[in-house]
Amino acid sequence: MLSFVDPNDRKWREMAPSTYNLRRLLKYRSKSEMLEMFDGQGQLVLIVAQFMIKLCSEDDPVIVLLKRLDHSAKLSWGYTHYSEEDRNLSIVFRSFMEELQVFFKVPNSMSTLSPKQLVAAFIDFLFEILEEILNLQLYFIHRVEDSIQYLKMELKFLLIFLGDTPSQPTDLETTKKILVDIEVVANETGSFLYSFFFSTNRISITGMKETLSNLLGNVELLKENIKNHCITVAKILPYGVTPKTSVVSLSLVDSSLDYLNDLMDNDDDKFVDLKDQIRTIQQELTFFLTYVEVEKYPELEEFLIRISDIAYEVEYIINSFAPVWYLTLRIPQIMEKIQLVSTQFQEKKKMYDAGLQKNAEYPSQQVSLQAPRPLIGDGKIIDLEDVQYEIKVKLFGGTSTLQIISISGMPGLGKTTLAKNIYYDSFIRKHFDICGWCVVSPMAPSYHKSRNMLIDILSSISDLNRIKILNMEDAHLAERIYRRLMRRRYIIFMDDIWDVNDWYDIERLFPDDHCGSRILFTSPIADMGMTASSGIFNYPLRFLTPDESWDLLQFKVFNNEQCPPVLVDVAKKIARNCGGLPSTVVFIASVLKDLEKERSLWMDVAENITSYISKETNDYMNMLELSYNHLPMHLKSCFLYFAAFEKDKEIPVQKLIMLWAAEGFIRKVECRSSDDVAEQYLFDLINRSMVLVDKRTSDGRIKACSVHGAMHDMCLRVAEKDNFMQVMKGQLSIYEEHHRLSIQSRSTPSFSRPFGLHVHSLLGHLPDPSAFIFSSLKLLKVLDLSTTDMSLYNITGSEVFAILKFLSVSSIPPSIESFENLEFLFVDNKEVVEIPAIFLNMVKLRHVHFSGGAQFNESLRIQETQDENFLLNNLQYLSSIFINDENDEKILRFLPRLRTLKCRITVFWDSSVNHYRYPAFGFLNHLESLSVSFHLSYVSDDISREVIDLQRNLRKLTLRNFDLSWKQMNIIGMLPELQVLKLRDDTIKGKRWDTWKDEFQQLRYLELDVLQIKHWNASCVNFPRLERLVLRSCQNFVIPFSLGDIPTLQKIEVHGCAESVVGSALQILEEQRDMGNEDLNVIISH
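Definitions and cut-offs
Residues numbered from 1 in each chain as written. Predicted model: local features only at pLDDT ≥ 70, side-chain atom pairs only at ≥ 80, totals over all residues. Heavy atoms only, no water. Helix = DSSP H or I, 4+ residues; strand = E, 2+ residues; numbered from the N terminus. Buried < 20%, exposed > 50% of the residue type's maximum accessible area, 1.4 Å probe, protein only. Areas by Shrake-Rupley, 256 points an atom, 1.4 Å probe, with all protein chains shown as cover. Axes fitted to C-alpha atoms, helices over the stretch in contact; angles between N-to-C directions. Parallel < 35°, antiparallel > 145°, perpendicular 65-115°, else oblique. Left-handed = near helix turned anticlockwise from the far one by under 90°. Contact = heavy atoms within 4.5 Å. Nonpolar A, V, L, I, M, F, W, Y, C, P; charged D, E, K, R; others polar. Pairing = 2+ DSSP bridges. Right-handed = clockwise from strand over helix to strand, strands pointing away. Patch = residues over 30% accessible without salt bridge, like charges linked within 9 Å, V, L, I, M, F, W, Y side chains within 5 Å. Salt bridge = Lys/Arg side-chain N within 4 Å of Asp/Glu carboxyl O. Lys, Arg positive; Asp, Glu negative; His and termini not counted. Charge placed at Lys NZ, Arg CZ, Asp CG, Glu CD. Phe/Tyr/Trp six-rings, centres within 6.5 Å; stacked < 30°, edge-to-face > 60°. Core = buried A, V, L, I, M, F, W, Y, C linked by side-chain atoms within 4.5 Å.

A.B. asks: Which parts of the structure should I look at to understand the overall build of the protein chain?
C.D. replies: Regarding its fold elements, the protein chain presents 36 helices and 29 strands. When each of the 1086 residues of the protein chain is scored for burial, the buried share is 55%. As presented, the protein chain carries roughly 47,200 Å² of accessible surface, and 49% of it is formed by carbon and sulfur atoms.

A.B. asks: Mind showing me how you'd approach the packing of helix α4 (residues 41-55) against helix α5 (residues 61-77) here?
C.D. replies: Any two packed helices are characterised by the angle at which their axes cross and by the distance between the axes. Two elements in contact, α4 and α5, have axes separated by 10 Å at closest approach and are oriented at 135 degrees. Between α4 and α5, the interaxial angle falls into the category oblique. Of the two elements, α4 crosses α5, and the hand of that crossing is left-handed. Contacts from A49, M52 and I53 of α4 reach α5 at V62, I63 and L66. Here the residues of the contact of α4 with α5 are counted per class, giving six nonpolar, no polar and no charged.

A.B. asks: Help me understand unusual backbone geometry, please; the structure alone is not making it clear to me.
C.D. replies: Backbone phi values are negative for most residues with the exception of glycine, while trans is the configuration of most peptide bonds. The omega torsion across S879 and S880 is -15 degrees, close enough to zero to call that bond cis. When you line up the elements, S880 lands in strand β17 (residues 877-883). Unlike most non-glycine residues, D985 shows phi in positive territory, near 55 degrees. Assignment of secondary structure puts D985 in the loop between β23 (980-984) and β24 (992-994). If you check the backbone angles, S1033 has positive phi at about 50 degrees while not being a glycine. Along the chain, S1033 turns up in the loop between β27 (1028-1032) and β28 (1051-1055).

A.B. asks: I keep staring at the pairing of strand β22 (residues 956-960) and nothing clicks. Help me out?
C.D. replies: Within a regular strand, side chains alternate between the sheet's two faces. Note that strand β21 (residues 929-934) and β22 share five bridges and pair parallel. For S929, the partnering residue across the bridge sits in β22 and is K956. Where β22 meets β23, five bridges bridge the pair, whose relative direction is parallel. What sits directly across from T958, in β23, is K982. You can see the chain leave β22, run along helix α35 (residues 966-973) and come back into β23, and the turn it takes is right-handed.

A.B. asks: Is there a simple way to think about helix α29 (residues 633-640) in this case?
C.D. replies: Think of an α-helix as turning once every 3.6 residues; residues three or four places apart then point the same way. Of all the eight residues making up α29, six are buried; the element is thus mostly covered by neighbouring parts of the structure. Looking only at α29, the buried set comprises L635, K636, S637, C638, F639 and L640. Against α28 (619-629), α30 (653-663), α31 (674-687) and α32 (709-721) lie the buried residues of α29.

A.B. asks: How should I be thinking about a negative patch on the surface in this particular structure?
C.D. replies: Taken together, the side chains of D1045, E1070, E1071 and D1074 make up a negatively charged region of the molecular surface. Looking at E1071, the relative accessible area reads 32%, which means it is partly exposed.

A.B. asks: Help me understand the packing of aromatic side chains in this model?
C.D. replies: Aromatic ring pairs are defined here through the distance separating the ring centres and the angle between the ring planes. Per the counting criterion, the structure on display carries 41 aromatic pairs. When the centroid spacing of 6.2 Å and the interplanar angle of 80 degrees are considered together, the rings of F192 and F197 count as edge-to-face. F197 carries the same exposure label as F192, and that label is buried. Ring centres of W503 and F510 lie 5.5 Å apart, and the angle between their planes is 5 degrees; on these two criteria the pair is classed as stacked. Take W503: its relative accessible area is 2%, and that puts it in the buried class. Taking relative accessible area as the criterion, F510 reaches 5% and is therefore assigned buried.

A.B. asks: Please clarify how the sheet that holds strand β1 (residues 403-408) should be interpreted in this entry.
C.D. replies: Each strand in a sheet pairs with another by means of backbone hydrogen bonds, the pair being arranged parallel or else antiparallel. Taking strand neighbours across the sheet as the criterion, the five strands line up as β2-β3-β4-β1-β5 in an open arrangement whose pairing is parallel. Each having just a single partner strand, β2 (434-439) and β5 (537-540) make up the two edges of the open sheet. Direction aside, the axes of adjacent strands within the sheet are offset by 15 degrees on average. Summarising the sheet, β1 and β5 pair through four bridges and their orientation is parallel. By the bridge assignment, I407 is partnered in β5 with Y539.

A.B. asks: Explanation requested: the pattern of salt bridges in the structure shown.
C.D. replies: Two side chains that carry opposite charge are able to pair once their charged atoms sit near each other. Within the structure shown, the criterion is met by 40 salt bridges. When the shortest N-O distance is used, the salt bridge between E607 and K573 registers 4.0 Å. Residue E607 is found in helix α26 (residues 599-607), and its partner K573 is found in helix α24 (residues 568-577); the two are separated by 34 residues along the sequence. Here the residues in one salt-bridge network are D164, E313, R330 and K337, joined through shared partners.

A.B. asks: How do you make sense of the nonpolar core when you look at a structure like this?
C.D. replies: Buried together is how nonpolar side chains tend to be arranged in soluble globular proteins. Judged by nonpolar contacts, the single largest core of 118 residues is most densely connected at F96, L100, I129, F197 and F198. At 13 residues, helix α7 (residues 115-136) tops the list of elements feeding residues into this core. Judged by nonpolar contacts, the second largest core, of 99 residues, contains C563, M621, V677 and M711.

A.B. asks: Sorry if this is basic, but what is going on with the environment of S147 here?
C.D. replies: Its place among the elements puts S147 in helix α8 (residues 145-163). On the basis of relative accessibility, which here comes to 27%, the residue S147 falls in the partly exposed class. For the pair S147 and K209, spaced 62 residues apart in sequence, the C-alpha to C-alpha distance is 8.6 Å. The residues touching S147, leaving out its near neighbours within four places in the chain, are L212 and L216.

Limitation: the analysis is restricted to geometry and does not speak to function.
Dropping the structure here:
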């Protein structure tokens, strides 16, 4: 049948499959009409082409034919109608159409997918075709359009049922039978569509109507079978087997409760008869949430897993828009299931309370002792002599009381090697009477861990036979250690401690006889020692610089010889790609030592560091994975989410926190905002050396963060292994199993249309709009596609984005009214956009950001401001908007809980006072951060000389391009909570700025940018808590010298300023150094 296409032809085999040229050609009627039997048939063919590309290999004959077709479309493009190229295109097109029939039945089994997933993917493919048929509004289907619409809705239900995993235990015969029945109906639907919409013959409407009637009859029978199946399963398996979730989180229960609360508050007819059952589910979920929060029994984690799975099941059933009859069937079943789990839970709890069952360890902790960790070896530590010296000073000096010293940092930085160097140091051995060492195995059960530490310590501080020590009871071990250390100056090294409780378990063994004894921890947790003791000194290890990595690599590979010149640039690249981790450098050096010194071989190592580490040994990755395994439950999901971001990329913290919140990772904590809780989560991950701080805000909060390359590799590995997230860097699968997809390939082919029954988060780069229909992803909570122009996409149906919480795009979607649950909106626009009137109806919005600025449209400014009863009670962040007149200002009054506002303003006429004025902000009682940029208008009348009305609770204020008098500056200076002030673009009027005694009493950060003043009179009294002073492009004044006397001042930055400014900063530094102040730093740049 493919006689004119040689499948072995190398030209077609090596060409990447594409439909770009064919799609472009079909947009023009003069070209499409020669191919199509009816208008739009070509669009249906494109859908099939997209489906087949995901099914077939690139050298499959039908894919080779598709390549030929797209190439023919390209050749035909430049020629007039009925050319030779057109005739060839028509022949290839019809040949291609004849090959499509095989794709209209459920695909044969694929090794990576289950039969159910294949059926679901095939039904989604049919659903897309039906949706396009209805969108085309074909004249010849008018008599059967309602039936086609009904068929589409029934296919949608079949997808909902296939996604309802707990209703389909795979080992039951009834499940196998119902899946066969679904496959039969799906194949019948495929046959119907191919016969009447992909035929090259005339279409019989009568035949279509008759076939469709029979098909719908079979669908009704199938629905009855599904109903009976669900009832049978509930009777056979009352426990309702649910899939075990690898990453368990109580936040999922929180999220489900939010949905149920909203449901109970709404008057949706679908749920009227189910409210009693839903209320029962609410109560049981709340009980579990409250109990686990208070009691925290690790032994009962299995119930937490089961309840989390039930919470997801509830959320899926409700949010998938299932028909009423299915809800009526499944909701009572879920209610019975959760009641049964609750009863079992309470019975188990009573057994533990009565002491009838012994407490166990967490299942995740029942693993072997810690894997051996690679050491740097040879005692060579690059440029850590300064840290080693500081630690030794603390060990030798300080008070005579027992003190704890801590060395912290992520695995692989050389903490153990540094500690060993100190342990074997001759001066340490002379200074301390006793030196002991123990390894704290982080994932061992607590009993074994404590005993192992006792054995290690006693073995290292005594001459007792180790076999004799192994046979001692724990109490005897503890007594021998205590007696050995009593009244002696000792130092004990505790290597790799992860939990402060491990210290508390043996703390009593170390007498404090005021002999100058010391304990030294190594830990990935920065504040480990601070938790253990108030008198702690912590030394966080830094990463190696590229030069230090190169020195270490050269030493390990070539010893004292030089690297061959031909390999120097490649070897330096290898050193850089080790990410500053000494352990990685050492391991890669061992690989290079055994490798031939050929440039191509070394270049392969440079580009595949991670794969070489994974291929040669799993020790290091396992060591990193210990960091993840040891995380508290609520942090695991937060950490794995870093897999969604590209490696070595800086991540805006504000965006990260919003994503966590939208996903439901943030637990509700009484009297604390979700933002504050999320920031604490991030701090905890940083404290555990799993996340790095890249940038800080002016008030010291974290602005941007990242994950080290090696940690990111581990994160990605665990995320995919535990079915948490799939990162796509190439062709998408016909079916995506993961709940979250991150598309990180910018060259994803246009035919890559993601589909999965449980996909609820999509991040990255969207495929070509002509190939992507969002209706296949009805469970989306997160859509992060800031590089995508949403106006190009086909968004149909109010239910498509009904549960979406987070949206990041490059333009406001045209159907924004469908996003009724949206909480976070990021628009990365390049030009100013208009905010539609529907904006004020989106009552759940919490955070709105427009990169390129936005203004309220006319209908919003006039119509909505007349509604005195409307309030956007949840909006807390709004950036960046234009405030141009009274109506814009009135809109702000609808935002009573606004905490952060960034805007651009002009003066406007106030009819109530008959003069021009600035917009007021004092009515925003919760406002903490305000950034205002003033733009001059044509107004020439006198402006009110009073400064803009400011909220006295402001903590951060940025003013740009104002002309403020000394009186207005005094008003700003008297704001009682102000901690950050940024004055930019000649904001102060005149040539002199005098500060007064009671001004700026809480200010910690002051930035002056392009100010033209010549005299600045200030003293330490005016800024008693100032920590950082930043000057940019200031030309005419000197920094008041008395500012150097501010006890809290840590840094003065001078960027692009005149010599007078630079000189005064350096003079302040010199004076402070002469006075013994070593804490002040001055940074100069030109």
